[in-house]
Amino acid sequence: HGTTQTMSNAAVIRIKPYHYIHVLDNNTNVTSVEVGPQTFTRMDHQTVTAGPNDMIMIPPRHYCIIQNPVVRDEDGDVVSDKNKQVVLRHGDEEIRFEQEPFPLYPGEKLYGKVAPLQVVAPNTAIRLRAIRDLDDKVAGDEWLFRGPGTYIPRVEVQVVEIVRATIIKPNQALRLRARKEFVDATEVVRQAGEEWIVRNTGAYLPDVNEEIRETVSAYVLTDKKAIQLEADQTFVDVFGVKRKAGEQWLVTFDEAETHIPDVYEKVVGEVRVTTLNSRQYCVVLDYVNEKTGKPVLGGRQLRVGERSFFLKPGERLENGIQAVHVLDSEEALLLRARESYDDLEQSRLPGDRWMIYGPCDYVPPVQVEIVEK
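Residues numbered from 1 in each chain as written. Predicted model: local features only at pLDDT ≥ 70, side-chain atom pairs only at ≥ 80, totals over all residues. Heavy atoms only, no water.

A. Inspection of the sheet that holds strand S7 (residues 93-102) at higher detail. Strand order in this open sheet of three strands is S7-S6-S8, and the pairing throughout is antiparallel. Across the chains shown, the open sheet's two edge strands, defined by having one partner strand only, are S7 and strand S8 (109-116). Averaged over all adjacent pairs, the angle separating strand axes in this sheet is 35°, with direction ignored. Of the pairings in the sheet, the one linking strand S6 (residues 56-67) to S8 comprises five bridges and is antiparallel in character. Looking across to S8, one finds that Ile66 is bridged to Leu110. (Pairing = 2+ DSSP bridges. Helix = DSSP H or I, 4+ residues; strand = E, 2+ residues; numbered from the N terminus. Axes fitted to C-alpha atoms, helices over the stretch in contact; angles between N-to-C directions.)

Listed below in structure tokens is the structure:
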């Protein structure tokens, strides 16, 4: 402090190159800037209020923030009022980039220190928010500055956060949600709150209006395992089939090797294959008609081995998997018809009873039940 005191009172001040002082004229109460190199002789009515201080140097690819910056005209010269006092933009800020060393005028302040410009790496972005109206944006707008590149800061723009790309591996997908209505990268209009799935593998950088809900893993399907799905609402699935809300269906190995559930698909569970060998049969209740895809409620269908199949939603087995009846020459079966049908010998009416004698293999059709052996 002593040095400053003596400096402000010294008659002759030697200002080195790239240094400056502030001099107050006590008659007019105006503070001016004297820049080195020079030898400054102080008059009696002058007081040195600051300095000698180093000028501010901004190296390449750096910037600094100046508070209360001076006003400059079109030629870049500092504007002074009628009293020769420099005019400031009070309460404002200015960002200055690489330039010749410069002094601070009375009232100007350096905010923080000289800092390097921010480099944005590939697969990352900076989320920006406008705090004042600028160019084509209004205050409150948000957007992304995508890397690779150097971000040039602006007074009107605030850096919110750094966004990193999410890597989508094979057999994975991202579930996204829209924060507000916008048009996404695939030119689809998304409504606020809408959710959708992105299946492309690689790095995915979410838009400023998208948020990542979760990473979805695919279900791997084999010839022994299928998955049963249910629709939460009516939509068209990845296979192009329109699904009604509440409808259930299977995705099997024949349709896809892996399946990533869509936003409106709920996985009910995994379904194991049902396998019959050459000596087995089963009766499927409420079977699904292959042509229409609709269940035949109350219907019964006989399936004889060898074969493998998946039970569709709603289908179930009557008495599980049953063995083919083998009769030797001493045995017989008593049969009764449930409904009218024609067998090889004659037509049977409901309730008819008859015997079948061995030796033979016998699989009862759905219209026939075995009374006793």
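Picking up where we left off.
B. Geometry of the side chain of Glu318. Relative to the assigned elements, Glu318 resides in strand S32 (residues 316-323). Take Glu318: its relative accessible area is 19%, and that puts it in the buried class. With sequence-adjacent residues up to four places away left out, Glu318 is seen in contact with Val283, Leu285, Arg300 and Arg338. (Buried < 20%, exposed > 50% of the residue type's maximum accessible area, 1.4 Å probe, protein only. Contact = heavy atoms within 4.5 Å.)

C. Highlighting the side chain of Asp92. Locating Asp92 in the fold gives a position in the loop between S6 and S7. A polar contact is formed between the side chain of Asp92 and the side chain of Arg132, at a distance of 3.2 Å. Apart from the residues within four sequence positions on either side, Asp92 is in contact with Ile66, Gln67, Asn68, Pro69, Arg132 and Val155. (Polar contact = N/O pair within 3.5 Å; in protein donor to acceptor, adjacent residues only side chain to side chain.)

D. Spatial organisation of unusual backbone geometry. Of note, the bond from Gly36 into Pro37 is cis; its omega dihedral lies within 30 degrees of zero at 0°. Tracing the backbone shows Pro37 in the loop between strand S3 (30-35) and strand S4 (38-41). Put simply, Gly147 and Pro148 share a cis peptide bond, and its omega is -5°. Its location among the elements puts Pro148 in the loop between strand S11 (142-146) and strand S12 (149-151). In this model, Arg61 sits at a positive phi of 60°, which is unusual for a non-glycine residue. Relative to the helices and strands, Arg61 is located in strand S6. Overall, Arg61 belongs to the partly exposed group, its relative accessible area being 46%. Positive phi values are uncommon outside glycine, yet Glu187 reaches one of about 65°. As for its position among the elements, Glu187 is in the loop between strand S16 (182-183) and strand S17 (189-190).

E. Structural context of the nonpolar core. The biggest cluster of nonpolar side chains holds nine residues, and these are Tyr20, Val33, Met55, Ile56, Ile58, Cys64, Ile66, Phe102 and Leu104. Examining the composition of this core, we find that four residues originate from one element, S6, more than from any other. In this structure Ile66 touches Ile56, Asp92, Glu93, Glu94, Arg96, Phe102, Leu104, Glu108, Lys109 and Leu110, once residues within four positions along its chain are discounted. (Core = buried A, V, L, I, M, F, W, Y, C linked by side-chain atoms within 4.5 Å.)

Remember that the coordinates give geometry; whether it matters functionally is a separate question.
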